[in-house]
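One letter stands for each residue in the lines below.
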Amino acid sequence: MTPADLSATVLHAVRRAVDEHVLRAPVPARVRVERTRPGGRGDYASAVALQLAGPAALTAREVAEILRERVAGAPGIGRVEITGPGFLNFTLDATADAHRALVGRVREQGLRYGHGDALARTSLQFGHAREVRAAVTADAVGALARAQGARVRISCDDVADPDWVRLGITVDAQGTPSAETAQIRPVPAGATAGELLDRLGPDATRWGLLRPAGHDRAPLGDDLLVQGEGNALFLVRHAHARAHALTRGAALLGFTSAPGEDLGDTPGPEAHALLDLLADHPAVLAAAAHHRAPDRLARHLEAVAHAFLDFHDAASPLPVGDEKPSAAHRTRLALAEAAGTVLAGGLSLLGISAPQYL
């Protein structure tokens, strides 16, 4: 179960309680769930009961009890607890079935895994100045919003820089923005698109402009071209290329991936850390679109890349030495391929290529 699935499950419980006249409160548009903090209980927590307590004329703990009865036992949820004044804490069912379903979902949806309808039937207008970082950020924000179902129009308040074409940027309109236009105003790059492209190329330029939060200065040094794990862009693309190399290696050995019943003797922490990040991907995309923050996606891709490489080093998806291909190898390969898919899809939304060979 992904965070988005959990959010939908809790929202369904709220609707049931309202329909059954047990809870008299307006049904929220969405329910927010978050990873529990260190020392907390379960995998995720939600404050929805505190949100509904006032309108329902009940204590938050009473609302939480009502919702717990309707969430407990739902597929993918192992345990529901109430802590504090009325926080709902969820422990997910970390069975092989849940792992298999997650990897299968990524394989089925491919590069569109994590796309959703959080902004469906919404029309958004973004505007930016004639400055390269603003243009790249607006372009990435537009891609993220479209991935959540929004209709997006992007305008520039001046004539577009012709070098933006080399960065894959398109502008729908030029001139004075309308009153409905949301302005994208990150800290300027301090260089033109042409200067950055000549020195860094399009992929490193986009990563360098998008990876920092918009209110931070964008470091645009030559270290963006370094082929080493100290360069986050290289790390992400290396992990993606490595996932494809595993698929090619498996084909030479005569086997393919399959999301099997378990991960064999794969050490739990590495596999589970990677599975957790893949499960979080839809929520990360939705949050990045909502907050107009492509840096959130970039940081998430870094975390996936680190977790994938840790998983790979802990238990190779390919047979080693005299080993023969087994169900565990096919399952590990499926998880590795799912990680590669998430990395490729995320880079695509940032407008950055994901080479299969590196």
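Below, the structure is looked at part by part. (Residues numbered from 1 in each chain as written. Predicted model: local features only at pLDDT ≥ 70, side-chain atom pairs only at ≥ 80, totals over all residues. Heavy atoms only, no water.)

### A word on the packing of helix α5 (residues 132-147) against helix α6 (residues 193-210)
Where α5 contacts α6, the axes come no closer than 11 Å and their chain directions differ by 40°. In terms of axis orientation, α5 runs oblique to α6. Once α5 is placed against α6, the crossing between them reads as right-handed. Taking contact as the criterion, the partners of Val132, Arg133, Val136, Thr137, Asp139 and Ala140 in α5 are, on α6, Ala193, Leu196, Arg206, Leu209 and Leu210. Classifying every residue of the contact of α5 with α6 by side-chain character gives seven nonpolar, one polar and three charged. (Axes fitted to C-alpha atoms, helices over the stretch in contact; angles between N-to-C directions. Helix = DSSP H or I, 4+ residues; strand = E, 2+ residues; numbered from the N terminus. Parallel < 35°, antiparallel > 145°, perpendicular 65-115°, else oblique. Left-handed = near helix turned anticlockwise from the far one by under 90°. Contact = heavy atoms within 4.5 Å. Nonpolar A, V, L, I, M, F, W, Y, C, P; charged D, E, K, R; others polar.)

### Quick notes on the sheet that holds strand β2 (residues 44-46)
Strand order across the open sheet formed by four strands is β1-β2-β4-β3, with antiparallel pairing between neighbours. What marks the edges here is a single partner per strand, and that holds for β1 (34-35) and β3 (77-83). The pairing of β3 with strand β4 (residues 87-92) spans six bridges and is classified as antiparallel. By the bridge assignment, Val80 is partnered in β4 with Phe90. Running over the sheet, helix α1 (residues 3-19) touches β2, β3 and β4 and is turned about 130° from β4. (Pairing = 2+ DSSP bridges.)

### Focus on the pairing of strand β5 (residues 123-128)
The sheet contact formed by β5 and strand β6 (residues 151-156) spans six bridges and is parallel. Paired with Gln125 across the bridge in β6 is Arg153. Read as a crossover between parallel neighbours, the route from β5 over α5 to β6 is right-handed. For β5 and strand β8 (residues 182-183), the ladder comprises two bridges, and the chain directions are parallel. Residue Gly127 lies in a different strand from β8, and its bridge partner there is Gln183. (Right-handed = clockwise from strand over helix to strand, strands pointing away.)

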